[in-house]
Amino acid sequence: MDFYRRVAVVGQRIPRGRVATYGQIAMLCQKPRAARQVGYALGRVLPPGTLPAQRVVGHGGRLSGARSFATPHTQRELLEREGVCFLPDGRVDMVRSAWQTTLQQVQELEALFLQLGI
DNA sequence: GGGATGGCGTTTT
DNA sequence: AAAAACGCCATCC
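Residues numbered from 1 in each chain as written. Chains lettered and ligands numbered in written order. Predicted model: local features only at pLDDT ≥ 70, side-chain atom pairs only at ≥ 80, totals over all residues. Heavy atoms only, no water.

A. Highlighting the layout of surface pockets. Counted as a void, the largest pocket has a volume near 440 Å³. If you trace the largest pocket, you find 20 residues lining it, with Leu42, Gly43, Ala53, Ser68 and Phe69 closest to the centre. If one sorts the elements of the lining of the largest pocket by residue count, helix H3 (residues 35-45) sits on top with three residues. A per-class count over the lining of the largest pocket returns ten nonpolar, nine polar and one charged. (1 Å grid on protein atoms, 1.4 Å probe; cavity = no way out; pocket = protein on both sides within 12 Å on 5 of 7 lines; lining within 4 Å. Points joined across faces, edges and corners; volume = space filled by probe spheres on them. Helix = DSSP H or I, 4+ residues; strand = E, 2+ residues; numbered from the N terminus. Nonpolar A, V, L, I, M, F, W, Y, C, P; charged D, E, K, R; others polar.)

B. Representation of the side chain of Gln54 within the structure. Inspection of the secondary structure puts Gln54 in the loop between H3 and strand S2 (56-57). Overall, Gln54 belongs to the buried group, its relative accessible area being 12%. A distance of 3.1 Å separates the side chain of Gln54 from the side chain of Glu82, its partner in a polar contact. Contact partners of Gln54, with chain neighbours within four places excluded, come to Phe69, Gln75, Leu78, Leu79 and Glu82. (Buried < 20%, exposed > 50% of the residue type's maximum accessible area, 1.4 Å probe, protein only. Polar contact = N/O pair within 3.5 Å; in protein donor to acceptor, adjacent residues only side chain to side chain. Contact = heavy atoms within 4.5 Å.)

C. Looking closely at the protein's contact with DNA strand B. In the neighbourhood of DNA strand B, 16 residues make up the surrounding shell, with Tyr22, Gly23, Arg36, His59 and Ser68 lying closest. Looking at DNA strand B alone, sugar and phosphate atoms form 38% of those within 4 Å of the protein. Gln37 is positioned such that a nitrogen or oxygen atom in its side chain is 3.2 Å from a base nitrogen of DNA strand B. Between DNA strand B and His59 there is a distance of 2.7 Å, counted from a phosphate oxygen to a backbone nitrogen or oxygen. Counting only elements with at least two residues in the surface near DNA strand B, the list comes to helix H2 (22-28) and H3. Tallied by class, residues from the surface near DNA strand B come to five nonpolar, ten polar and one charged. (Near = heavy atom within 4 Å.)

What follows is the structure, given as structure tokens:
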């Protein structure tokens, strides 16, 4: 499905030290209500390593996918190692670490989708 | 075809 | 604050 290829393209553009939410990725793929399918893409569809999965978190910075990493705290460790900030309650500090996408970047993605025919 | 099931998210108790 | 109820939509029995 083209949607999953888009998820891969978008996910690969999440900068090191930043995180994106499932919903945010769905938006960037032009499918605002497909947050769950993003999760499905990461867990079941895309080959492991296709994109930095540790940088994809739930709304508000929840580490909802931590279970599918090597150990329950692997995701957190990977993120801390690349400089992502955490709050006392264990969520990512989205104010400091969320991936901010500019209109420019969104348009680049659209162009890329078009170019790739996806 | 139809019901269950998600690495989700929002709204309502 | 926490839990449940919905809405969502591709997949998998």
